[in-house]
Amino acid sequence: MMNVYKKLIALPELTHLEGAVSIHQQGEQIFSHANGFAHRGYRVSNTETTRFGIASGAKLFTAVAILRLVEAGKVALDEHVATILPDIGINLDGVTIHHLLTHTSGIGDYFDEATMTDFEEVFQDLPMYRLRRPIDFLPLFQDQKRQFTAGERFHYNNAGYILLGLVIEQLTKQPFSDYVTNELFAHAQMTQSGYFRLDSLPADTATGHIENEDGTWRTNHYALPIIGGPDGGAFLTASDMERFWRSLLTHQLLSESMTAQLFHPHVKVNDVASYGYGVWLKRLDASHEKWHIMGYDPGVSFHSAYYPQSETIVTVLSNTSDGAYALVQAIELLLLEKGIHT
């Protein structure tokens, strides 16, 4: 194992990372490391206990929150969303909870990642500081045309998860972030996790950094919604992410049968990847697969994966716009080469 540690610490992708990485196997931490600055201006270093934004990785929390409500009998996966949210001014014809969870609803999106590349374009007409609750996002996609009939195909959709957040609020009579914090983070003992305003981040939380073309940098405070919500934007530590995986996989958050539904390949994305409920399912080779979540925003790069064949969890968090995926790929190649996943 020491030889593996030396190879991991020498990875070029790790050297260039600004963030934190952890690897757990069968409940034991086998690697942990942090690089770079949590705030470049004040020269505050990232540590292994720093909290980072995870962008769209937080969709998994929304999915688990919905499935807890399904198990409580408050909503059904095949229930039509229009019956729960009848007056939001969006064409929800045929759209069910299942469709929103699997990105197969066909509704218009406020940030279509297939056609848009600059997230900051979203805030040209609606300032980011006004996006504080799920309902605040509705003006961004209420007038968007339907892209296809519900259930027709997979098309990644952020707006669908905003609607799931509104469903959660309608059914629980609680703000979305409160429900997730109380029902998921507390149960999983994720004591450092939360949805924090970008303009008032708590201690031990990394500020997102955006590289300008001339090599200078700026924070991401004006590049994202002021606070995260159902489609992304939670903050957490690497340890808290491992606690969430472990709680989920040991059926502390959902029953065994509902957990199986979460990780079921409900819709094919491409030749090697499918999508469950809030989670990606990817075949690495004939013998190995991974279940993973990821998030990439201005000043945020995140990737966390569970490898079922070896019960390994790899989490990479960064407060820059890229780096996490390249490091996860390098770790996968090294661990597969060393036989840890066999």
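The present account deals with the structure reproduced in this document. Just so you know, these numbers come straight off a predicted model, no measurement behind them. (Residues numbered from 1 in each chain as written. Predicted model: local features only at pLDDT ≥ 70, side-chain atom pairs only at ≥ 80, totals over all residues. Heavy atoms only, no water.)

With that settled, the discussion passes to the nonpolar core. Generally speaking, nonpolar side chains in soluble globular proteins are found buried as a group. Phe 61, Ile 97, Leu 101 and Leu 163 are the most contacted members of the largest nonpolar core, which has 91 residues in total. Looking at this core element by element, the count peaks at 9 residues for helix H3 (residues 59-71). In contact with Leu 101, not counting residues within four places along its chain, are Ala 63, Ile 66, Leu 67, Leu 77, Tyr 161, Leu 164, Tyr 275, Gly 276, Tyr 277 and Gly 278. By size, the runner-up hydrophobic cluster in this structure holds 19 residues, among which are Leu 11, Ile 23, Leu 327 and Val 328. (Core = buried A, V, L, I, M, F, W, Y, C linked by side-chain atoms within 4.5 Å. Buried < 20%, exposed > 50% of the residue type's maximum accessible area, 1.4 Å probe, protein only. Helix = DSSP H or I, 4+ residues; strand = E, 2+ residues; numbered from the N terminus. Contact = heavy atoms within 4.5 Å.)

Examined against the element boundaries, Glu 211 turns out to sit in strand S6 (residues 209-211). Taking C-alpha positions, Glu 211 is 8.3 Å from Gly 299, a pair spaced 88 residues apart along the chain. Leave out the neighbours within four places in its chain, and Glu 211 touches Arg 40, Thr 216 and Trp 217. In terms of polar contacts, Glu 211 uses its side chain to reach the side chain of Arg 40, at 2.9 Å. (Polar contact = N/O pair within 3.5 Å; in protein donor to acceptor, adjacent residues only side chain to side chain.)

Taken as a whole and judged by the stated rule, the model has 15 aromatic pairs. With a centroid separation of 6.1 Å and 15° between ring planes, the pair formed by Phe 185 and Tyr 195 is classed as stacked. Placement of Phe 185 in helix H8 (residues 176-185) and of Tyr 195 in the loop between H8 and S6 is noted, with a sequence separation of 10 residues between them. On the basis of relative accessible area, Phe 185 is assigned to the buried category, the value being 2%. Summarising the aromatic geometry, the rings of Phe 263 and Trp 291 are spaced 4.4 Å apart at their centres and angled 25° between planes, so their arrangement reads as stacked. (Phe/Tyr/Trp six-rings, centres within 6.5 Å; stacked < 30°, edge-to-face > 60°.)

All right, on to the pairing of strand S13 (residues 300-307) then. Working note: regular strand, side chains alternate between the two faces of the sheet. Counting buried positions along S13 yields 8 of 8 residues, so the element is predominantly enclosed. Where strand S12 (residues 289-297) lies against S13, 7 bridges are found, and the strand directions are antiparallel. Paired with Gly 295 across the bridge in S13 is Phe 302. Taken together, S12 and the strand that follows it, S13, pair antiparallel across an intervening segment of 2 residues, in which Gly 299 is found at a positive phi of about 80°. When S13 meets strand S14 (residues 312-318), the two strands line up antiparallel, connected through 7 bridges. (Pairing = 2+ DSSP bridges.)

Attention now goes to the sheet that holds strand S11 (residues 280-283). Spatially, the 8 strands line up as an open sheet ordered S2-S1-S14-S13-S12-S11-S10-S9, and their pairing is antiparallel. Strand pairing shows two members of the sheet lacking a second neighbour, strand S2 (28-35) and strand S9 (267-268), which therefore form its edges. Here S9 runs beside strand S10 (residues 273-275); their pairing, made up of 2 bridges, is antiparallel. Note that in S10 the partner of Lys 268 across the bridge is Ser 274. Together, strand S1 (19-25), S11, S12, S13 and S14 form the strand contacts of helix H11 (residues 324-337), whose direction differs from that of S13 by roughly 25°. (Axes fitted to C-alpha atoms, helices over the stretch in contact; angles between N-to-C directions.)

Any functional reading would require information beyond the geometric quantities listed.
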